[in-house]
Protein chains: 2
Amino acid sequence: MSKDSPNADLPTNTRQRRSSDQVTLSHVAQVAGVSPITASRALNYPDKVSDSARRSVLQAVESLGYVPNLVAGSLASSRSRLIAVIVPSLINSVFVEVIKGLQETLEAEGYQILLGNTDYDLDREYQLVRTFLGWSCSALVTAGLRHNSACHTLLANWDHPIMEVMELGQGMDLNVGLDHVAAGRCMATHLTDKGYRHIVYVGARLAQDYRASMRFDGHKAVLKEKGVDAPLLELDTLGSLQAGAEGLAQVLEQYPHTQAIHFANDDLAAGALLAAQRQGLNVPGDIAIAGFNGLPLGQHVTPQLTTILSPREEMGRLAAKELIRRLSGKNVYRRQHNVGFTLQIGGST
Amino acid sequence: MSKDSPNADLPTNTRQRRSSDQVTLSHVAQVAGVSPITASRALNYPDKVSDSARRSVLQAVESLGYVPNLVAGSLASSRSRLIAVIVPSLINSVFVEVIKGLQETLEAEGYQILLGNTDYDLDREYQLVRTFLGWSCSALVTAGLRHNSACHTLLANWDHPIMEVMELGQGMDLNVGLDHVAAGRCMATHLTDKGYRHIVYVGARLAQDYRASMRFDGHKAVLKEKGVDAPLLELDTLGSLQAGAEGLAQVLEQYPHTQAIHFANDDLAAGALLAAQRQGLNVPGDIAIAGFNGLPLGQHVTPQLTTILSPREEMGRLAAKELIRRLSGKNVYRRQHNVGFTLQIGGST
DNA sequence: CGCTGTCATGATAGCGCTACCATTCGTTTT
DNA sequence: AAAACGAATGGTAGCGCTATCATGACAGCG
């Protein structure tokens, strides 16, 4: 690092602050022979300055190795091009795929993602929202429609776009998701259509993963219409292959007549399917297994897993596009977008 | 300065700026009956102010619903409590697990993560680094030791901690990772010890996933010592279960005498294992399969996958801890940390 | 020739916060 | 008792950038 440094004759202050050898826009402007504000425009609104000014500014940027101070820019303009993204978990690949969809779309438009993880804790969500608002984020994306009341108040008074993803419903602002009750109904209908009558729904931590419990509601409604019981088995661990294997074992023990298990997600279902294989159980002969999400793994096990495919990356991309549309001042025609789902019938049912 | 007219007489400016109904620290200070600077201290250095001052400030914060403007704070203090995290991919769960380890540790210390995804493109990495430096990040975490020259220059002149994770070696600053060449050697040694002689290494996009190619180097060296060939099959897709299935097919076709396949990662290996099962091939009788990473899936297939377990979340946590230590001004005893790996022998070899 | 409109540029004044130094006051030291 | 000290507080001056308004130059037009 050069010590003799550029601060040639910019304001030589009396006291104050470390003299910061940082290259600022003023240095650039000086070298380019224009005023700081023109240099600013050359970088941010290239077509607002003359060709010659733009060229010399860009050249000065290059030669000085200038890196814009985005913090200062954000403070001055109160626009940060940061998008807060809050998810309840990173272990669950579902959220990661949504993040991926968001990211590829947002980064292409010059936005950066500020990532927060609530670990399914709404108070933690509130804290994260507070912090992120402090960064003057351009928008906020959060998984789910449920928030605690402090968080709700904070967001309601915030005047930037809010995008709630994953589930569908009356949200605070924008919403992209799918109808989990309908998804639960869909799978339950498939199972009853197949002739199964003793069907157990197995979920993990439903109080946290309340979307899984919405799917159970759909499932239960269908079974009730058919006049059959809808037992629920709730596991105490987070969804995983291991938990699925345990779920299978518990179902076989507690509900020995079970013909089919409707798992809250594919991790559980695949874990159960692989465990069934190890134990020499025939799927679906001895026990049918269904999941939710449409993870690739489900397509690679034998028999293939019957599941509901949710368009996760697509959900992220669509959410990002709608946000961008809104951020660029365009009209938003619909606040709610249903990305839907697809029943994927494999050999496991 | 006359403070005698208490309420609405904060700077009433001539022109300038939208009047910003935002609650600022000055409002808080006014309500609390202290100077802005004392309010600032009450929030940032609580033990630097009297109990009474702190109490009234906190109460004013509460009653006004004040949310600190972190952008302004960062500009003034040139500390942002943001940590830039740059990974090459989010599809690969390995990086997500590292992020998770980083995040749980960093968030607990009040740092936020600014996430970037390079898609294995070093130029993209450079762009992200530039942007992140513009945010005055407190530190930067990046996956891997390889950067393009512009990026290298930029980072070399940056005076904040840089943490390079995943692999082990002479980095720019701090480094937490594992020795991929040794990991490749380890697995190759296991396979040759088992008596296999016709062993193919299968990787995906090795130019991008150069850590997989380092493992191949280790693998090749061992086979060379044993005096046997080390054929390499490179797939053109990214690692996935599907790609693993294809890899198996191609190996069987191109190298019919193959006894064992050493896959670059568990996704590929598990995909191959599941495909072998579908085709009625006996693993390891007809073909042995080994992977790398120690994903849970490998433990749930039959036979269990022989693999090398890398402590990914642990890597993230350790990296975060070392960063925090450095950021809080403590001495860093070692710049390099080897998190090691464990050979996990399953039935697949 | 003045009038208006457009374009490129610049001077000024902050965005909301904190670093720096100065001041006050009560307590300890010599 | 004077001097020295530390703790609590405050005034001031920016951090580096951009919004706003002002200016000057020049084209088109009656």
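Thresholds applied
Residues numbered from 1 in each chain as written. Chains lettered and ligands numbered in written order. Predicted model: local features only at pLDDT ≥ 70, side-chain atom pairs only at ≥ 80, totals over all residues. Heavy atoms only, no water. Buried < 20%, exposed > 50% of the residue type's maximum accessible area, 1.4 Å probe, protein only. Helix = DSSP H or I, 4+ residues; strand = E, 2+ residues; numbered from the N terminus. Pairing = 2+ DSSP bridges. Core = buried A, V, L, I, M, F, W, Y, C linked by side-chain atoms within 4.5 Å. Contact = heavy atoms within 4.5 Å. Axes fitted to C-alpha atoms, helices over the stretch in contact; angles between N-to-C directions. Least-squares fit on C-alpha atoms with pLDDT ≥ 70 in both. Salt bridge = Lys/Arg side-chain N within 4 Å of Asp/Glu carboxyl O. Expected span 1.5 Å × (residues − 1).

Another aspect to go through is the pairing of strand S8 (residues 260–263) of chain A. Both faces of the sheet carry side chains from a regular strand, because those side chains alternate between them. Residue and element names in this part refer to chain A. Burial along S8 is two-sided: Ala-260 and His-262 and Ile-261 and Phe-263, pointing in opposite directions, are all buried. Both strand S6 (residues 199–204) and S8 contribute to a ladder of four bridges, which runs parallel. In the strand pairing of S8, Val-200 is matched with Ile-261. When S8 meets strand S9 (residues 288–290), the two strands line up parallel, connected through three bridges. If you follow Ile-261 over to S9, its bridge partner there is Ile-289.

With 90 residues, the main nonpolar core has Val-85 and Leu-102 of chain A together with Val-85 and Leu-102 of chain B as its most contacted residues. Once you skip the residues sitting within four places of it in the chain, Val-85 of chain B turns out to touch Ile-99, Leu-102, Ile-113, Leu-114, Leu-115, Gly-116, Phe-132 and Val-141 of chain B. Counting 62 residues, the second-largest nonpolar core is a separate cluster that includes Leu-206, Phe-216, Ala-264 and Ala-276 of chain A.

This next bit is on the environment of Thr-38 of chain B. All names here are of chain B. Looking at where Thr-38 falls in the secondary structure, it is placed in helix H2 (residues 36–44). C-alpha separation for the pair Thr-38 and Ala-275, spaced 237 residues apart in sequence, amounts to 67 Å. In contact with Thr-38, not counting residues within four places along its chain, are Val-49 and Ala-53.

On to the sheet that holds strand S2 (residues 112–117) of chain B, then. In a beta sheet, neighbouring strands are held together by backbone hydrogen bonds and run either parallel or antiparallel to one another. One open sheet accounts for 12 strands, arranged S11(A)-S5(A)-S4(A)-S3(A)-S1(A)-S2(A)-S2(B)-S1(B)-S3(B)-S4(B)-S5(B)-S11(B); its pairing is mixed. At either end of the open sheet lies a strand with only one pairing partner, and these are strand S11 (336–338) of chain A together with strand S11 (336–338) of chain B. Across the sheet, the mean angle separating the axes of adjacent strands is 20° when strand polarity is ignored. As paired strands, strand S4 (residues 162–167) of chain A and strand S5 (residues 174–178) of chain A are joined by five bridges and run parallel to one another.

Our next topic: the relation of the copies chain B and chain A. Relative to chain A, chain B is turned by 180° and slid 0.0 Å along the rotation axis, the superposed coordinates differing by an RMSD of 0.1 Å. On the angle and the small slide along the axis, the relation comes out as a two-fold axis. It is Leu-114 of chain B whose C-alpha, among those of chain B, lies nearest the rotation axis, at 2.4 Å. When you check the interface residues of chain B against chain A, 96% turn up at the interface there too, and the contact is symmetric in its surfaces.

All chains considered together, the criterion is met by 28 salt bridges over all chains. Residue Glu-104 of chain A pairs with Lys-100 of chain A through a salt bridge whose shortest N-O separation is 3.1 Å. Remark: Lys-100 of chain A and Glu-104 of chain A occur in helix H5 (residues 93–108); sequence separation between them is four residues, near one turn of the helix. Accessibility expressed as a relative area gives 11% for Lys-100 of chain A, which makes it buried. The shortest N-O distance in the salt bridge between Glu-107 of chain A and Arg-124 of chain B comes to 2.5 Å. Highlighted residues: Glu-107 of chain A in helix H5 and Arg-124 of chain B in helix H6 (residues 122–134), drawn from two different chains. By relative accessible area, Glu-107 of chain A is classed as buried at 12%.

Residues and elements named next belong to chain B. Helix length check: helix H9 (residues 210–226), at 17 residues, gives a terminal C-alpha distance of 24 Å against a target of 24 Å (1.5 Å per residue), a fit within 8%. Taken together, the buried positions of H9 are occupied by Tyr-210, Arg-211, Ala-212, Ser-213, Met-214, Arg-215, Phe-216, Gly-218, His-219, Val-222 and Leu-223. Positive backbone phi, at 75°, marks Gly-227, one or two positions downstream of H9.

Negative phi values dominate among residues other than glycine, just as trans dominates among peptide bonds. With an omega of 5°, the peptide bond between Val-283 of chain A and Pro-284 of chain A qualifies as cis. By the element assignment, Pro-284 of chain A lies in the loop between helix H11 (266–278) and S9. That bond from Thr-302 of chain B to Pro-303 of chain B is cis: its omega, -5°, falls within 30 degrees of zero. Inspection of the secondary structure assignment puts Pro-303 of chain B in the loop between helix H12 (296–300) and strand S10 (307–309). One non-glycine residue, Met-166 of chain A, adopts positive backbone phi at about 90°.

Coordinates in, geometry out; function isn't part of it.
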